[in-house]
Amino acid sequence: MTGATGFIGSNLIRDLCQTTDHAFSIVKRERSDTSALSDILDKIKVYTLDPAADNIYEILAQEKPDMIIHLATLFLGSHSRAQVPLLVESNILFPTKLLDAMASSGVRKFINTGSFSEHWNCKTEYDPVNLYSSTKRALEDILCYYVNAHHIKAITLKLFDTYGPHDPRPKIFSILKKGLREDSPIDLSPGQQTIDFLYIEDVVEAYKKAIEFLGKDTDVSYETVFIGSGQSHTIREVVSIFQEVAGRKINVNWGARSYREREIMIAIADIRKADDLLAWRPRFSLKQGLSKMMTEEKIR
Ligand SMILES: NC(=O)c1ccc[n+]([C@@H]2O[C@H](COP(=O)([O-])OP(=O)(O)OC[C@H]3O[C@@H](n4cnc5c(N)ncnc54)[C@H](OP(=O)(O)O)[C@@H]3O)[C@@H](O)[C@H]2O)c1
């Protein structure tokens, strides 16, 4: 697995170690903080990438995994000049080397992670919201070469927004939690944009279904599916559900922040294909997910 030190990766590999008897290995960077994995480090093999990640060829030749779950990414909502090479390195160069190493060491199954933001406002056609989204799409195009030319069997899970307990990422719920903790006003956008939030346990389940899918002997070589809750809420509704579950009010300055350029105003996942192909359906509504998160984090 790549990206195992990240939010989704650490939840996924922990669940897989606890619920399956597969053997797992991860690749991490020299400076990666593995504290999110401290309770399972004795159950997994850990490989450290050299800076240029060229040792990925040796790692795969030695480990010969049956399947690779690719979650590593650099997510940036907007980018500076200096960040362009970082986005390309993390989201295109590293995973391309990974695919190339798979091709040369006979590793044939790949679960890729894409993003709903490749389709601004849920358009059917490709319309990337930002440079990050287009790097995710670029990797999918490169993946198609390895699927067609090197018979790699792959699936891309295009995730919508995710959340869950102990999420270190600077997302809306960390802002709302701060508002609760500090009883201080928080500045938000006007809040009419809709968002599809998927609880982490449903995300983990989607990856487990994808592992099953690639494990089956079918002649499918490549598929992509959207993974989200299929439910959409405006940010205003999200805040009121959050307050209802917390049992406390948050002081919000609506409109103190203006909408971003290319703000995603519509996000709702079409999960029919995920159901047909993977027999996957989300189990937790936003209210249920938030109450699980707040209970786990002792917020209420
Ligand atoms: N909102 C969402 O959650 C959402 C929505 C759509 C798609 N996704 C996709 O879901 C996946 C997981 O997202 P996440 O939010 O869990 O990520 P995250 O918490 O930001 O973690 C990113 C992971 O990628 C690793 N990484 C970054 N650059 C790397 C590189 N050059 N070489 C090796 N490893 C590298 C990081 O390692 P370090 O520990 O070394 O930094 C970390 O393990 C990503 O592919 C993301 O695009 C997420």
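A short tour of the structure in this document, coming up. (Residues numbered from 1 in each chain as written. Predicted model: local features only at pLDDT ≥ 70, side-chain atom pairs only at ≥ 80, totals over all residues. Heavy atoms only, no water.)

Looking at the site of the ligand
The ligand sits among 25 residues. The nearest are Thr5, Ser32, Tyr132, Thr162 and Arg169. In this structure, threonine 5 approaches the ligand through a side-chain N or O atom, which is 2.6 Å from an oxygen atom. Glycine 6 is positioned such that a nitrogen or oxygen atom in its backbone is 3.1 Å from an oxygen atom of the ligand. Residue assignment for the shell around the ligand shows that the elements contributing at least two residues are helix H1 (7–19), helix H3 (84–105), strand E4 (109–115), helix H4 (131–150) and strand E6 (161–163). For the shell around the ligand, a count of residues per class yields 9 nonpolar, 10 polar and 6 charged. (Near = heavy atom within 4 Å. Polar contact = N/O pair within 3.5 Å; in protein donor to acceptor, adjacent residues only side chain to side chain. Helix = DSSP H or I, 4+ residues; strand = E, 2+ residues; numbered from the N terminus. Nonpolar A, V, L, I, M, F, W, Y, C, P; charged D, E, K, R; others polar.)

With respect to the sheet that holds E4
Taking strand neighbours across the sheet as the criterion, the 4 strands line up as E3-E4-E5-E10 in an open arrangement whose pairing is parallel. Two strands lie at the open edges of the sheet, namely strand E3 (68–69) and strand E10 (222–227), each paired on one side alone. Here E3 pairs with E4 via 2 bridges, running parallel. The residue of E4 that forms the bridge with isoleucine 69 is isoleucine 111. (Pairing = 2+ DSSP bridges.)

Remarks on the packing of H3 against H4
One way to put it is that H3 packs onto H4 with a least axis distance of 10 Å and a crossing angle of 15°. One element, H3, and the other, H4, form an angle in the roughly parallel class. Remark: the crossing between H3 and H4 carries right-handed chirality. Contact residues: Val84, Leu87, Asn91, Ile92, Pro95, Thr96, Leu99, Asp100 and Ala103 in H3; Leu131, Tyr132, Thr135, Ala138, Leu139, Ile142, Leu143, Tyr146 and His150 in H4. Split into classes, the residues belonging to the contact of H3 with H4 amount to 13 nonpolar, 4 polar and 1 charged. (Axes fitted to C-alpha atoms, helices over the stretch in contact; angles between N-to-C directions. Parallel < 35°, antiparallel > 145°, perpendicular 65-115°, else oblique. Left-handed = near helix turned anticlockwise from the far one by under 90°. Contact = heavy atoms within 4.5 Å.)

A few points about the packing of aromatic side chains
In this description, an aromatic ring pair is defined by two values, namely the gap between the centres and the angle between the planes. Counted under the stated rule, the structure contains 10 aromatic pairs. Between tyrosine 163 and phenylalanine 197 the ring centres are 5.5 Å apart and the planes differ by 80°, which places this aromatic pair in the edge-to-face class. With tyrosine 163 in strand E6 and phenylalanine 197 in strand E9 (residues 197–199), the pair connects residues that are 34 residues apart, well separated along the chain. Classification of tyrosine 163 as buried rests on a relative accessible area of 1%. You can call phenylalanine 197 buried: its relative accessible area is 5%. Taking 5.9 Å as the distance between ring centres and 15° as the angle between the ring planes, the aromatic pair formed by phenylalanine 173 and phenylalanine 242 counts as stacked. Pair noted here: phenylalanine 173 is in helix H5 (residues 172–182) and phenylalanine 242 is in helix H7 (residues 235–246), with a separation of 69 residues, a long-range link. A relative accessible area of 5% places phenylalanine 173 in the buried class. Sitting above the plane of the phenylalanine 75 ring, lysine 171 keeps its charged end 4.7 Å from the centroid. (Phe/Tyr/Trp six-rings, centres within 6.5 Å; stacked < 30°, edge-to-face > 60°. Buried < 20%, exposed > 50% of the residue type's maximum accessible area, 1.4 Å probe, protein only. Lys NZ or Arg CZ within 6 Å of the ring centre and 35° of its normal.)

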